[in-house]
Amino acid sequence: MTDEEIRGTIHKVALMNAVNHGGKAQAGAVMGKLLSEKPALKIRVKEISPHIEEIVKEVNKLSQDEQKKIVEKNWPEMLVRERIEEQKRMPKLPNVERYEHVVTRFSPNPDCAIHLGSARAIVLCDEYSRMYDGTFILRFEDTDPRLKRSALMFYDMIREDLEWLGCKPDKEYIQSDRMPIYYEFAEKLLKSGHAYVCICKTEEFKKLLLARKACPCRDLSPSKQLARWAKMLEGGFEEGEAVVRVKTDLNHPNPAVRDWPALRIIDPEKHPHPRVGSRYRVWPLYNWAAGIDDHLMSISHIIRGKEHLTNQVRQEFMYRHFGWCYPEAIHYGRLKITGAYLSKSKILAGMREGMFTGWDDPRLATFAALRRRGIQPEAIRRMIIDVGPKKEDVTLSWENLYSYNRKLIDPTTNRYFFVREPIRLDVKGITQESLMAKIPLHPDHHERGYRTFKIEPEKGRVSFHVSTSDRDLFRKGMVIRLMELFNVKIDKSGAKTLEATYHSHGYEEAKELDAPLIHWLPLATGVPCDVVMPDRSLAKGVAEQKCKELHTNDIVQFERFGFARIDAVNEAIVAYFAHR
Ligand SMILES: [Zn+2]
């Protein structure tokens, strides 16, 4: 292949990669794809790598629409092929042929930031809609201004999170904009005698319900129901005094299904809504709003957790009353992530009490926090696709996510030295007048350049920073290799300083002696660097001088420490730890 042909192929692969991943291609992924398509290029990796870096940069400058247009124009068959590949990885949706169009929805309540626990719903709904060339809807379910009160900031945060995940919705709805629709259908059902306005005391109603008996409101005439309904809307009832119930089966084995509540009163003065203020006093409950919307929005496949199974049974009654067909429902098992903070109420309480520094506090599993730590959306997506929509509960650990992420970022991140809690090491007996350590930014990609450290001993002496965590290796008489530099023999291991004598130069000698390798920095060089750890503690230390050239959002690997995302580069560097 000529250079021009290779660049052409890279361009195609990079554009496809960007189109599939929210507009951002990744050099590592592009290389992988290129080599799997053209294995003959494997021996030319070093030569190709800079081309990839350059082309990926160019492609990422384009908007998502521009990228898509280029692909559609030049390689329309690629879009189809990519989709088929994804299709193979996920089980088919049931009964697709019954629907004109596959429509899925993700419907969060914007009362909290969303987190890893929502990833399954988001990624599966988005993937399936793409697989069938369908529509992915984002629907904000914000109709409980009393107990699950939404806040304006979360609407935007959720939109941003979806976009980051590469799951940008085709359409968006907000339930608080749709109140007249919920009212209209309530009126219809009251008129047709399939619903009633219940004004019984909660306790009394519960007793009757458990005894499988109708309350006195149930069989009143539709005109009386409509009068009560008007009174509800006009403010004739206080909070808790009236509720619209859907008639189901009073003998249903599950009491939660019997005549469930559809709309209730919330005091608009006490509980104004963040978007529509005090305009409404009657608010739909979850099953009413979601059930109506799923029908009106032509949702073909509801993909959600199995905790919603009872909701399906409830809603099927209302669908029958209206003469509608219930969509296909796929209920996946619980996805547990050990060690992650996923309880909304605990997160909200923690935020109120000032336990967390923000929605991106690294102790949280919010997408904002994961983003800040350098977790790639593609890692989350791949993990979720591999888990799929199965019914069984799945337990994942942080380590599972890290290994997906590591695979993605390892080929693309450059290596640097970061000496945590530095301690001074004095080395004497160096025979060379000057030494140079030239270390590649990435061991497999020398074309990316090198970090160079010039060492100029004075009277055969030089001092270094080494990490306190390596202290245990410093035992008298032991030989240690300063990575890519030389080997020293330990003379003294004091509380504040370590002393050693130059031993030998080459890596072979170190290997023969089984000498441990440690990283280092010349004393009086480097940049102060704080790494924010996942438990919010700080790893304080010094990063090598070249880190000054880094930018916010760069992801690096600090050798022998771990991957981190650069958060700020000023006089000092702040980084967020991703994983080892
Ligand atoms: Zn009643």
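Just above, that's the structure.
The shown structure was predicted, so the numbers you read here are calculated from the model rather than taken from an experiment. (Residues numbered from 1 in each chain as written. Predicted model: local features only at pLDDT ≥ 70, side-chain atom pairs only at ≥ 80, totals over all residues. Heavy atoms only, no water.)

K.L.:
Residues and numbers for the overall build of the chain, please.
P.N.:
On a plain count of helices and strands, the chain comes out with 17 helices and 27 strands. Overall, the chain is about 105 × 60 × 40 Å in size when its C-alpha atoms are taken along their principal axes. Looking at the chain residue by residue over its 580 residues, the buried ones come to 53%. By sequence separation, contacts in the chain at least 24 residues apart represent 69% of the contacts at least 6 residues apart. Only carbon and sulfur atoms are counted for the fraction: they give 50% of the accessible area of the chain, which is about 26,900 Å². For the chain, the centre of its 93 positive side-chain charges and the centre of its 82 negative side-chain charges are spaced 4 Å apart. (Helix = DSSP H or I, 4+ residues; strand = E, 2+ residues; numbered from the N terminus. Buried < 20%, exposed > 50% of the residue type's maximum accessible area, 1.4 Å probe, protein only. Contact = heavy atoms within 4.5 Å. Areas by Shrake-Rupley, 256 points an atom, 1.4 Å probe, with all protein chains shown as cover. Lys, Arg positive; Asp, Glu negative; His and termini not counted. Charge placed at Lys NZ, Arg CZ, Asp CG, Glu CD.)

K.L.:
Account for the layout of surface pockets, with residues named and values stated.
P.N.:
The space that makes up the second largest pocket amounts to roughly 1,500 Å³. Ala 25, Gln 26, Asn 60, Asn 553 and Asp 554 are the residues nearest the centre of the second largest pocket, which is lined by 43 residues in total. Sorting the residues of the lining of the second largest pocket by element identifies helix H1 (3-20), helix H2 (27-37), helix H3 (45-61), helix H7 (152-164), helix H15 (377-387), helix H16 (398-409), strand S12 (414-416) and strand S25 (555-558) as the ones contributing at least two each. At five residues, H3 tops the list of elements feeding residues into the lining of the second largest pocket. Looking at the lining of the second largest pocket residue by residue, the classes come out as 15 nonpolar, 15 polar and 13 charged. (1 Å grid on protein atoms, 1.4 Å probe; cavity = no way out; pocket = protein on both sides within 12 Å on 5 of 7 lines; lining within 4 Å. Points joined across faces, edges and corners; volume = space filled by probe spheres on them. Nonpolar A, V, L, I, M, F, W, Y, C, P; charged D, E, K, R; others polar.)

K.L.:
Tell me about the environment of Leu 538, residues and numbers included.
P.N.:
Here Leu 538 is to be found in strand S24 (residues 538-543). A C-alpha to C-alpha distance of 9.7 Å links Leu 538 and Phe 577, two positions 39 residues apart in sequence. Excluding residues within four positions of it along the chain, Leu 538 makes contact with Arg 420, Asp 530, Val 531 and Val 532.

K.L.:
How would you summarise helix H12 (residues 309-322) if you had to cite specific residues and measurements?
P.N.:
For H12, which comprises 14 residues, the first-to-last C-alpha distance of 20 Å matches the rise-based estimate of 20 Å (1.5 Å per residue) to within 8%. Those residues of H12 that fall on the buried side of the exposure criterion are Asn 311, Gln 312, Arg 314, Gln 315, Phe 317, Met 318, Tyr 319 and Phe 322. Looking one or two residues past H12, Gly 323 carries a phi angle of roughly 75°, positive in sign. (Expected span 1.5 Å × (residues − 1).)

K.L.:
Account for the coordination of the zinc ion, with residues named and values stated.
P.N.:
For a metal with four donors in a tetrahedral arrangement, the ideal angle between donors is 109.5 degrees, while six donors in an octahedron ideally sit at 90 or 180 degrees. At the metal site, the zinc ion is ligated by Cys 198 (SG), Cys 200 (SG), Cys 215 (SG) and Cys 217 (SG), and these contacts range over 2.3 to 2.4 Å. Geometry at the zinc ion is tetrahedral, judged from the four donor atoms that bind it and their angles of 104 to 118° at the metal. Each donor residue of the zinc ion lies on the same chain, and together they follow the pattern C-x1-C-x14-C-x1-C. Here Cys 200 is found in the loop between strand S4 (195-198) and helix H9 (202-210), whereas its partner Cys 217 is found in the loop between H9 and helix H10 (222-234), with 17 residues between them in sequence. Pair check on accessibility: Cys 200 and Cys 217 agree, each one buried. (Donors = N, O, S within 2.8 Å, 3.2 Å for Na, K, Ca; no water. Tetrahedral: all angles 85-135°; square planar, octahedral: opposite > 155°, others 65-115°.)

K.L.:
Before we move on, could you go through empty space enclosed by the protein and cite the residues and values that matter?
P.N.:
Once rolled over the atoms, a probe with the size of a water molecule shows which space is left empty. Counted according to the given criterion, the structure contains one cavity of 30 Å³ or more. Put simply, the largest cavity is a space of about 30 Å³. Contributing to the lining of the largest cavity are Tyr 196, Phe 205, Leu 208, Leu 209, Lys 213, Ala 214, Cys 215, Arg 218, Leu 250 and Asp 259. A per-class count over the lining of the largest cavity returns seven nonpolar, no polar and three charged.

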